[in-house]
Amino acid sequence: MPPIFNFVFAIPALIVIARWLWPLPLPLWARIATALLMLAASQFHLWSRFSSGSVFAPEFPRLIVILFNWAFGALVLLAVFQLIVDIGTLLTMLVRREVIHEPAPLRYAIAGLAALLAGVGVANALRVPPVKDVTVTIRNLPPSFDGYRIVQLTDLHISRLFTAGWAQEVVDRSNAAGADMIVVTGDFIDGSVAMRRDDVAPMRGLRAPDGVYAIPGNHEYFFDYGAWMRHLSGMGFHMLTNAHAVIERGGDRLVVAGVTDLSALSVGEAGPDLALALRGAPADAPVVLLDHQPRKAPQAAAQGIALQLSGHTHGGMIVGLDRLVAKGNDGYVSGRYAVGGMTLYVSNGTGLWPGFALRLGVPSEITRFTLRPAD
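Residues numbered from 1 in each chain as written. Predicted model: local features only at pLDDT ≥ 70, side-chain atom pairs only at ≥ 80, totals over all residues. Heavy atoms only, no water.

## Examining the UniProt feature "transmembrane region" (unreviewed entry) in the protein
The UniProt feature table records "transmembrane region" (unreviewed entry) at residues 5-22, 28-48, 60-85 and 105-126. Taken end to end, residues 60-85 comprises 92% helix and 0% strand; its first and last C-alpha atoms sit 35 Å apart. For the annotated span residues 105-126, helix accounts for 100% and strand for 0% of the residues, and the straight-line distance between the end C-alpha atoms is 32 Å. (UniProt positions renumbered as here; feature names shortened; annotations may be inferred. Helix = DSSP H or I, 4+ residues; strand = E, 2+ residues; numbered from the N terminus.)

## Here's the deal with the environment of T34
Secondary-structure assignment places T34 in helix α2 (residues 28-42). Exposure remark for T34: the relative accessible area of 27% places this residue in the partly exposed category. For the pair formed by T34 and I17, sequence separation is 17 residues and the distance between their alpha carbons is 8.5 Å. (Buried < 20%, exposed > 50% of the residue type's maximum accessible area, 1.4 Å probe, protein only.)

## Let's talk about the sheet that holds strand β5 (residues 238-239)
Pairing within the open sheet is mixed, and its six strands lie in the order β1-β12-β2-β3-β4-β5. Two strands bound the open sheet, and with one partner strand each, they are β1 (131-138) and β5. (Pairing = 2+ DSSP bridges.)

## Quick word on the packing of aromatic side chains
Applying the stated criterion across every chain, the model contains 13 aromatic pairs. A centroid spacing of 6.0 Å and a plane angle of 80° characterise the contact between F9 and F72, whose relative ring orientation is edge-to-face. One end of the pair, F9, is in helix α1 (residues 3-21); the other, F72, is in helix α4 (residues 62-96), with 63 residues separating them in the sequence. As far as the burial class goes, F9 and F72 line up, both buried. Ring centres of F56 and W353 lie 5.7 Å apart, and the angle between their planes is 50°; this geometry places the pair in the tilted category. Taken together, the positions of F56 in the loop between α3 (44-52) and α4 and W353 in the loop between β11 (342-346) and β12 (366-373) put the pair 297 residues apart, joining distant regions of the chain. You can call F56 partly exposed: its relative accessible area is 22%. Residue classification places W353 among the buried residues on the basis of a relative accessible area of 17%. The rings of F9, F72 and F356 are connected pair by pair, giving a single aromatic cluster. Across the ring face of W22, the terminal group of R31 is positioned such that the distance to the ring centre comes to 4.9 Å. (Phe/Tyr/Trp six-rings, centres within 6.5 Å; stacked < 30°, edge-to-face > 60°. Lys NZ or Arg CZ within 6 Å of the ring centre and 35° of its normal.)

## Digging into the side chain of N348
With respect to the element layout, N348 can be found in the loop between β11 and β12. A polar atom in the side chain of N348 sits 2.9 Å from the backbone oxygen of P363. Excluding its chain neighbours within four sequence positions, the residues that come into contact with N348 are H314, G315, S334, R359, V362, P363 and E365. (Polar contact = N/O pair within 3.5 Å; in protein donor to acceptor, adjacent residues only side chain to side chain. Contact = heavy atoms within 4.5 Å.)

## Describing the packing of α3 against α4
What describes two packed helices is the angle between their axes and the distance between those same axes. Running from amino to carboxyl end, α3 crosses α4 at an angle of 155°, the nearest separation of the two axes being 11 Å. Taken as axis vectors, α3 and α4 run roughly antiparallel relative to one another. Where α3 approaches α4, its residues F44, H45 and W47 are matched on the opposing element by V65, F68, N69 and F72. Within the contact of α3 with α4, the residues separate by chemical class into five nonpolar, two polar and no charged. (Axes fitted to C-alpha atoms, helices over the stretch in contact; angles between N-to-C directions. Parallel < 35°, antiparallel > 145°, perpendicular 65-115°, else oblique. Nonpolar A, V, L, I, M, F, W, Y, C, P; charged D, E, K, R; others polar.)

This is how it looks when you write it as structure tokens:
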């Protein structure tokens, strides 16, 4: 990650130091010490790179990763709150035409609120998600597949934060959901196979009558893509890398297809190719497409896909921030969308990237889809 990103991550801390900390009536040594701690917390991603060689895989004890996420999240929230207070103070000064100084108790109050919300956000991120039920109507759905259930997991980001114990609980809850098929739409891990071998091991226990299908997300390409594809295949996942499978019931057929991630080309791997994925698929069978990123949904709809399952956005993580995330994903950020006759569902994610693990108003999910024929 270029040095400019280290500066970008430091911006919230610099705002807090200049506008919140420095005006407080504290001894100079206390302000300097606090400022240094804030700057250190803001460089969580730099310390992660030193720990593992990648900003995406902090290799610290889990408690340290949790504390870093809490501190970094609190800095971001406090910077936002301080800017809101500053704008309010400026407007009041313009109306009253007098100088107003923000009182220290107000500064302490917004700091307390930021710390509390950051703690809630991290706790929300770390929970094992509940099962969320979604009914989807499918045009030309064969009678044998009326009521067919698919459980989607996505953005697990198994890591030092989302460890083997968490993964085992996700597996248990998914298996208990009574799915006919389980799919994983990318971002299994953060770390190499050597780093994550034990943490990802519980995923081997996923079970469904028609199998467990998966695709890579962008994070698989950050950590030796080939090694991960071999390892996940060896664990029993049917990896649909620009490929499809046909599910048959009493002569009726349903196609599940998958494509690689848009980031594949940047590391010299095969990019997403829907035409290749559908080559040889029965033309009369409805298609469920697994695509980690949702932004190419219109192209999938144009190819006659019935249902696309995606992730990647984490739902935007925080109410308000989701609007910015939507802009980077062609407007698709969370939940159900009707796209040219196709249903697109963008999951909020089962886990979260351990570099910014906060959820406020955007809950994680294990999603259980029930297919019904369209009228």
